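The residues making up each chain are set out below.
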Amino acid sequence: MRRQEVNTVKKYDRLIFVSTGDTSVGPMAEAIMQSKYLLDELDVTSKGLVVLFPEPINPKAEAVLVSNGLTMKHHMSDPLVREDFDDRTLILTFDDEVRDKTLETFRPEREDLVQVLFRFVDWPESLPNPYGGTLADYGQCFEILQYMIKKLVIQLNEEELLC
């Protein structure tokens, strides 16, 4: 009797969180995601659509991360580039505007790999943008991101089991 071979090819090698400037929500999402357990190795990073020069993480975003036992103090904003798009990279934006702008700017071959996070994980509403808000606004954004990313991790782990 032949033993059935198990397909161990994972679906994604890389996950990129894309925001406008890569100084607040993207780095927070990256830090949360990197703190989670995935069944298979996944390169997680954040990038921005409008990055003219490297900037550090927003101080309020970093303060919220630190208060939750995480940090991105060495993060510098990084622009999304054409080379970031391939069949093994999942790109998650935080709203429709950034997704649409990403698709318009880069015209990737596989638009299905560019998704809005809240829809991808079947969350009821988009993430509130804390930019320009209070520390409490950043804290609220972090809390919602934690829930969304928990759902994302479960979803990615389930997909890996099915590959």
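Refer to the structure above for everything that follows.
Residues numbered from 1 in each chain as written. Predicted model: local features only at pLDDT ≥ 70, side-chain atom pairs only at ≥ 80, totals over all residues. Heavy atoms only, no water.

A. Region of interest: the pattern of salt bridges. Under the defined criterion, the tally for this structure stands at nine salt bridges. The salt bridge partner of K47 is D84, with a shortest N-O separation of 3.2 Å. Within this pair, whereas K47 is found in strand β2 (residues 43–48), its partner D84 is found in the loop between α2 (59–67) and β3 (89–93), the two being separated by 37 residues in sequence. Each member of the pair, K47 as well as D84, carries the same accessibility label: buried. With its nearest N and O atoms 4.0 Å apart, the salt bridge here joins R110 to D87. Separated by 23 residues along the polypeptide, R110 in the loop between α3 (96–106) and β4 (114–116) and D87 in the loop between α2 and β3 bring together distant segments of the chain. For D87, a relative accessible area of 47% translates into the label partly exposed. Taken together, the salt bridges that share partners define one network made up of R14, D43, K47, D78 and D84. (Salt bridge = Lys/Arg side-chain N within 4 Å of Asp/Glu carboxyl O. Helix = DSSP H or I, 4+ residues; strand = E, 2+ residues; numbered from the N terminus. Buried < 20%, exposed > 50% of the residue type's maximum accessible area, 1.4 Å probe, protein only.)

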